[in-house]
Amino acid sequence: MSLDKLGRTRDRVLDAAGIQPGETVADVGAGTGLLTLGAVERVGPDGEVLAIDLSADALNELRANTQAANVSYLIAVAEALPVPDQSIDAVVTRSVLIYVKDKAAAASEFFRVLRSGGRVSLFEPINIRNLRLADAVDFSPLGELGARLREWNDAFYANPDDPMLDFDEVDLERFFAQVGFANVDVDVVADEQEVVGERYLNQVGAPGRPTLLERWQEDFAPGDIERLAGFLRGRTFRVRHVCAYLTAGKP
């Protein structure tokens, strides 16, 4: 995601959280601080921001990039927040639940830590809705190999054990409504762009995820990989990525 898009995502999530000076905000899955640093400006010197992340390295990088005295750093997962009940005014996240297998448990934790009247605002990729490679590019000229590529692509998206692919926007809304949140609103946004095959083969979609070429190496023979990669290299095709913004309140 470009810096410009990151900035727009940050602002939309923080705007929707309705953060006021003096409030306490939890940035769950803070990473290196995109939302945390924006939230610090909004809560002002009398407020507090809790930067929560599984990675100590990410939090150390965030700590090195801010002089703000009202940021606390906590190592934890979204499903078990080291925060007292009803102690937070707003929970914000960006691309966090895609790493969480039990998303309902995370939603329950957000509900637990929020005060009455608290808000949650988040951004999540809805990867299951993305335009699949086998639909973006016609692999039929490769014959039987092209057919196997389509089957492989479909199986990849059907993997029930992949937290990045096991939910859609309807599930996301349900997770939050079922734990007690009110006024749950989900806005789905699709972003289309042209991509060059070489970049598509080697780009990392999310931290810790293998590239397309690396995934192919697990399931295709070297000669097949060479044919598939050669077919994509030099081509330009359209891709579509789908994401959702969710807001909700605790009664």
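Going by the structure above, here's the rest.
Residues numbered from 1 in each chain as written. Predicted model: local features only at pLDDT ≥ 70, side-chain atom pairs only at ≥ 80, totals over all residues. Heavy atoms only, no water.

Quick look at the overall build of the protein
At step 1: Secondary structure assignment for the protein yields 10 helices and seven strands.
At step 2: The globule rule puts the C-alpha radius of gyration for 251 residues at 18 Å, and the 20 Å found for the protein is close to it.
At step 3: In terms of overall dimensions, the protein has C-alpha extents of about 65 × 40 × 25 Å along its principal axes.
At step 4: Expressed as a percentage of the 251 residues in the protein, the buried residues total 49%.
At step 5: Pairs at least 24 apart in sequence give 76% of the contacts found in the protein among residues at least 6 apart. (Helix = DSSP H or I, 4+ residues; strand = E, 2+ residues; numbered from the N terminus. Rg over C-alpha atoms; globule rule 2.2 N^0.38 Å. Buried < 20%, exposed > 50% of the residue type's maximum accessible area, 1.4 Å probe, protein only. Contact = heavy atoms within 4.5 Å.)

What to know about unusual backbone geometry
At step 1: Here glutamine 86, not a glycine, exhibits a phi torsion of approximately 50 degrees, which is positive.
At step 2: Residue placement: glutamine 86 occurs in the loop between β3 (71–75) and β4 (88–94).
At step 3: The phi dihedral of serine 95 falls on the positive side, at around 50 degrees, and the residue is not glycine.
At step 4: Note that serine 95 resides in the loop between β4 and α4 (103–113).

Details of the side chain of threonine 24
At step 1: Structurally, threonine 24 is set in strand β1 (residues 24–28).
At step 2: The class for threonine 24 is buried, based on a relative accessible area of 13%.
At step 3: Residue contacts for threonine 24: discarding those within four places in its chain leaves Glu48, Ser87, Ile88, Asp89, Ala90 and Arg115.

Description of the side chain of aspartate 162
At step 1: Within the fold, aspartate 162 resides in the loop between α6 (144–157) and α7 (169–178).
At step 2: Polar side-chain contacts of aspartate 162 include one of 2.9 Å to the backbone nitrogen of methionine 164.
At step 3: Here aspartate 162 is in contact with Lys101 and Arg209, once residues within four sequence places are set aside. (Polar contact = N/O pair within 3.5 Å; in protein donor to acceptor, adjacent residues only side chain to side chain.)

Let's talk about α4
At step 1: Those residues of α4 not exposed but buried are Lys103, Ala106, Ala107, Glu109, Phe110 and Val113. The arc enclosing the buried residues of α4, seen along the axis, measures out at 155 degrees, which places them on a common side.
At step 2: Each element contacted by the buried residues of α4 is listed here: β1, β4, β5 (114–125) and α7. (Arc of directions from axis to C-beta.)

Section: the pairing of strand β2 (residues 48–53)
At step 1: With five of six residues buried, β2 is to be regarded as a mostly interior element.
At step 2: Bridging between β2 and β3 involves five bridges; their strand directions are parallel. Within the sheet, the bridge partner assigned to leucine 50 lies in β3 and is serine 72.
At step 3: Once the chain exits β2 it traverses helix α3 (residues 56–64) before rejoining the sheet at β3, and the crossover so formed is right-handed. (Pairing = 2+ DSSP bridges. Right-handed = clockwise from strand over helix to strand, strands pointing away.)

Describing the pattern of salt bridges
At step 1: One pass over the full model with this rule turns up 22 salt bridges.
At step 2: Arginine 12 is paired through a salt bridge with aspartate 187; the nearest N and O atoms lie 2.4 Å apart. Linking arginine 12 in helix α1 (residues 3–17) with aspartate 187 in strand β6 (residues 182–196), this pair joins segments that are 175 residues apart in sequence.
At step 3: Arginine 112 is paired through a salt bridge with aspartate 85; the nearest N and O atoms lie 2.6 Å apart. Remark: aspartate 85 occurs in the loop between β3 and β4 and arginine 112 occurs in helix α4; sequence separation between them is 27 residues. (Salt bridge = Lys/Arg side-chain N within 4 Å of Asp/Glu carboxyl O.)

Describing the environment of proline 45
At step 1: Within the secondary structure, proline 45 is located in the loop between α2 (34–43) and β2.
At step 2: Considered as a pair, proline 45 and phenylalanine 167 are 122 residues apart in the sequence and their alpha carbons are 38 Å apart.

Re the sheet that holds β5
At step 1: Strands sit in the order β3-β2-β1-β4-β5-β7-β6 across an open sheet of seven strands; the sheet is mixed. Two strands in the sheet have a free side with no partner beyond their single neighbour: β3 and β6. Within this sheet the neighbouring strands show an average axis-to-axis angle of 15 degrees, counted without direction.
At step 2: Relative to β4, β1 runs parallel, the two sharing three bridges. In the strand pairing of β4, alanine 26 is matched with valine 91.
At step 3: Here α3 sits on the sheet in contact with β2 and β3, set at roughly 170 degrees to β3. (Axes fitted to C-alpha atoms, helices over the stretch in contact; angles between N-to-C directions.)

Points about the packing of aromatic side chains
At step 1: Across all of its chains, the model carries 10 aromatic pairs by this definition.
At step 2: Measuring from centroid to centroid gives 6.2 Å for phenylalanine 110 and phenylalanine 176, while their planes differ by 40 degrees, and the two rings are tilted. Of the two residues, phenylalanine 110 sits in helix α4 while phenylalanine 176 sits in helix α7, which places them 66 residues apart along the sequence. Comparing phenylalanine 110 with phenylalanine 176 shows no difference in burial state: the two are buried.
At step 3: When the centroid spacing of 5.4 Å and the interplanar angle of 65 degrees are considered together, the rings of tyrosine 200 and phenylalanine 237 count as edge-to-face. Note that tyrosine 200 is positioned in helix α8 (residues 197–202) and phenylalanine 237 in strand β7 (residues 236–249), a separation of 37 residues in sequence. Grouping residues by exposure puts tyrosine 200 and phenylalanine 237 together as buried.
At step 4: The ring of phenylalanine 156 carries arginine 215 above its face, with NZ or CZ at 4.5 Å from the centroid. (Phe/Tyr/Trp six-rings, centres within 6.5 Å; stacked < 30°, edge-to-face > 60°. Lys NZ or Arg CZ within 6 Å of the ring centre and 35° of its normal.)

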